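Residues per chain are reported as follows:
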Amino acid sequence: MHVAVIGSGYVGLVAGACLAETGNDVVCVDKDADKIARLQRNEIPIYEPGLEPMVERNQAEGRLTFTTDIGAAIRGAKVLFIAVGTPPGEDGSADLQHVLGVAREIGRHMNEPKVVVTKSTVPVGTAEKVRAAVKSQTDVPFAVCSNPEFLKEGAAIEDFMKPDRVVIGVDDEDARAVMGELYAPFTRQGGNRILFMDIASAEVTKYAANAMLATRISFMNQMALFCELVGADVSNVRLGIGSDQRIGRAFLYPGPGYGGSCFPKDVKAIIKTADDLGLSLDVLKSVEAVNECQKLVVLHKVQRYLGSDLSGKTVGLWGLAFKAETDDMRESPTVPLIEGLLAAGAKVQAHDPKATDSARHIFEDRVMYAADPYSAAHGADALCVMTEWLLYRNPDFDRVRRLLRRPLLVDGRNLYEPERMKALGFEYHGIGRGGR
Ligand SMILES: NC(=O)c1ccc[n+]([C@@H]2O[C@H](COP(=O)([O-])OP(=O)(O)OC[C@H]3O[C@@H](n4cnc5c(N)ncnc54)[C@H](O)[C@@H]3O)[C@@H](O)[C@H]2O)c1
């Protein structure tokens, strides 16, 4: 099938590569000429495990191409995915200018009937706006679908190739058949995992999923605070509740607050949509408020033990990205942590295996970027673990302790066992692990 993916960021690039991998002819479009030129040379602008060889292979075999020529891409494709960004506007609502701009462009180049698919995360009602925007430019018939993307950064290829489910909102029989055919290779194992539904429900499903996941995180972060007050260990509580099948084990990890390009903006956007309709989503407003406080929990722990004035102190950080296996710094909780440490007078020396370049765009030379984890610990008065990268799981703890000026270890991800760390000579403080 001939497919065009418009917007070649995380979602568009992964979707394009995976659709090419299953034999389709895919053209990925972006307005960023530099990004397209790099992709044509197989230079992948993001870190995502498995993506680079997949792009290289499919490009070499001629199934995947990259272009800035949106008109040619639209004219040559049967299915058009809109995968551009939907950043939050000033009032928290999703900014649809890119999505609707692309929709008008699609209308201008519509040469035969096509299926127009919104893959970007968009508020309920957007598919109808897309339909109107396309229609304003053409008389050629077309169908509109909502196909929200559920991939996780860091496991994006795995998620796209073996999805838990594919949600397709559609109101046209031919489009339904086309989308079913396109996704069949990804859903062969494990029964019927394509969920066809009405368009509005598909749009809401994406926001409801992210809102639920963010809620679990804020819930556990509050339980962690409670555990600290009563001397309980939230890791035990997590196991205790997660083994209940009604609750499940996933997404029950307390930490330094959720970040990334999706949860913060999607929670804000669904709150705004509901507010505009006169419904206050109070649960989600609390989820957001709890997360804002949580992003400062590690900073407050450092200041509790080193004092609020951190002049003359050095703080080492392990991890900058908002989670492991990505170089994405968008809304990372390390940003308010570092700003807080610098404002209090501390020197910050940080290590991350992939996100240093992204961090440089934010902090420039206000932070010392360490080449390895041990250099970040060297001479520091405290070491904070902010991202759950595998290489931080089992370091040479004796070496780390000797390198630190003070063996203060603030484990923002609860990677280590408190008793073991204390036995190794650390002043250890996790999140919600029995005592403040
Ligand atoms: N990143 C994720 O993990 C993830 C997961 C699921 C859904 N989403 C959603 O998918 C959408 C895209 O997210 P992303 O992270 O891929 O964004 P991104 O910022 O990484 O990529 C968006 C791309 O679209 C391009 N673009 C913007 N306007 C364009 C236009 N008019 N023509 C051509 N290209 C254009 C930009 O240059 C950019 O390369 C968002 O709505 C997001 O919420 C993201």
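Residues numbered from 1 in each chain as written. Predicted model: local features only at pLDDT ≥ 70, side-chain atom pairs only at ≥ 80, totals over all residues.

Student: Explain the site of the ligand residue by residue, including any values.
Tutor: If you check the shell around the ligand, you find 27 residues, and the closest are Gly7, Gly9, Val11, Ser120 and Thr121. Of all the secondary structure elements, the ones that give two or more residues to the shell around the ligand are α1 (10-21) and α5 (97-108). Within the shell around the ligand, the residues separate by chemical class into ten nonpolar, eleven polar and six charged. (Near = placed C-beta within 6 Å. Helix = DSSP H or I, 4+ residues; strand = E, 2+ residues; numbered from the N terminus. Nonpolar A, V, L, I, M, F, W, Y, C, P; charged D, E, K, R; others polar.)

Student: A description of helix α14 (residues 334-343) should follow, citing residues and the corresponding values.
Tutor: Buried residues of α14: Thr334, Leu337, Ile338 and Leu341, and no others. All buried residues of α14 lie within an arc of 95° about the axis, which places them on one face of the element. (Buried ≥ 20, exposed ≤ 12 C-beta atoms within 10 Å, placed from the backbone. Arc of directions from axis to C-beta.)

Student: Run through the packing of α5 against helix α6 (residues 126-135), naming residues and quoting values.
Tutor: Across the interface, α5 lies against α6 with an axial gap of 7 Å and an inter-helix angle of 35°. In this structure, α5 meets α6 at a crossing whose hand is right-handed. Mapping the contact onto sequence places Val99, Leu100, Ala103, Arg104, Ile106 and Gly107 in α5 and Thr126, Lys129, Val130, Ala133, Val134 and Lys135 in α6. Here the contact of α5 with α6 is built from residues that sort into seven nonpolar, two polar and three charged. (Axes fitted to C-alpha atoms, helices over the stretch in contact; angles between N-to-C directions. Left-handed = near helix turned anticlockwise from the far one by under 90°. Contact = placed C-beta atoms within 7 Å.)

Student: Which residues make up the domain arrangement of the chain, and what values do they have?
Tutor: What the domain assignment reports for the chain is domain 1 (2-197) and domain 2 (228-436). For domain 1 versus domain 2, the separation of C-alpha centres amounts to 34 Å. Between domain 1 and domain 2, the contact holds 15 residues from the first and 16 residues from the second. Class assignment of the residues belonging to the side of domain 1 that touches domain 2 gives a composition of nine nonpolar, four polar and two charged. (Domains from an automatic or database assignment.)

Student: I'd like a description of the pairing of strand β10 (residues 347-351), backed by residues and values.
Tutor: Across the five residues of β10, four count as buried, placing the element largely inside the fold. Across five bridges, strand β9 (residues 314-318) lies against β10 in parallel orientation. Looking at β10, one finds that Gly316 is bridged to Gln349. Taken together, the two bridges between β10 and strand β11 (residues 368-369) define a ladder with parallel strand orientation. Paired with Gln349 across the strands is Met368, a residue of β11. Considered for its hand, the β-α-β crossover made up of β10, helix α15 (residues 356-363) and β11 is right-handed. (Pairing = 2+ DSSP bridges. Right-handed = clockwise from strand over helix to strand, strands pointing away.)

Student: Just give me the short version of the nonpolar core, but keep the residues and values in it.
Tutor: One finds Ile6 and Leu80 to be the most contacted residues of the largest nonpolar core, which totals 125 residues. Formed jointly, this core draws a minimum of three residues from each of two domains, domain 1 (2-197) and domain 2 (228-436). Leaving out residues up to four positions away in the same chain, Ile6 has contacts with Val29, Ile70, Leu80, Phe81, Ile82, Ala83, Val84 and Val102. (Core = buried A, V, L, I, M, F, W, Y, C linked by C-beta atoms within 7 Å.)

Student: Go over the environment of Ala382 with me, naming the residues and quoting the values.
Tutor: Locating Ala382 in the fold gives a position in strand β12 (residues 382-385). When the C-alpha atoms of Ala382 and Ala371 are compared, they prove to be 18 Å apart, with eleven residues separating the residues in sequence. For Ala382, the residues in contact, after removing those within four places along its chain, are Val302, Leu306, Val315, Arg406, Leu408 and Val410.

Student: So, unusual backbone geometry: which residues are in play, and what are the values?
Tutor: Glycine aside, the phi torsion of most residues is negative, and most peptide linkages are trans. Even without glycine at this site, Glu364 takes up a positive phi of about 45°. Even without a glycine there, the phi angle at Asn414 is positive, about 50°. Its place among the elements puts Asn414 in the loop between β13 (408-411) and α18 (418-423).

Student: Could you give me a rundown of the sheet that holds strand β1 (residues 2-6), with the residues and numbers involved?
Tutor: Spatially, eight strands are ordered β3-β2-β1-β4-β5-β6-β7-β8 in an open sheet, and the strand pairing comes out mixed. Since the sheet does not close on itself, it has two edges, and those belong to β3 (64-67) and β8 (194-197), each with one partner. This sheet shows a mean twist of 25° between the axes of neighbouring strands, independent of strand direction. Two elements, strand β7 (residues 166-170) and β8, share four bridges in a ladder whose sense is parallel. The partner of Ile168 across the bridge, within β8, is Phe196. In this fold helix α9 (residues 199-230) packs onto β6 (142-146), β7 and β8, with an angle of close to 145° to the strand it touches most, β7.

Student: Can you tell me about the pairing of β6, naming the residues and giving the values?
Tutor: Of all five residues in β6, four are buried; the element is thus mostly enclosed. Note that strand β5 (residues 114-118) and β6 share five bridges and pair parallel. Counterpart to Val115 in the pairing with β6 is Ala143. Viewed along the sheet, the connection from β5 through α6 into β6 turns out right-handed. In the sheet, β6 pairs with β7 via two bridges, with the strands oriented antiparallel. Bridge pairing links Cys145 to Val170 in β7.

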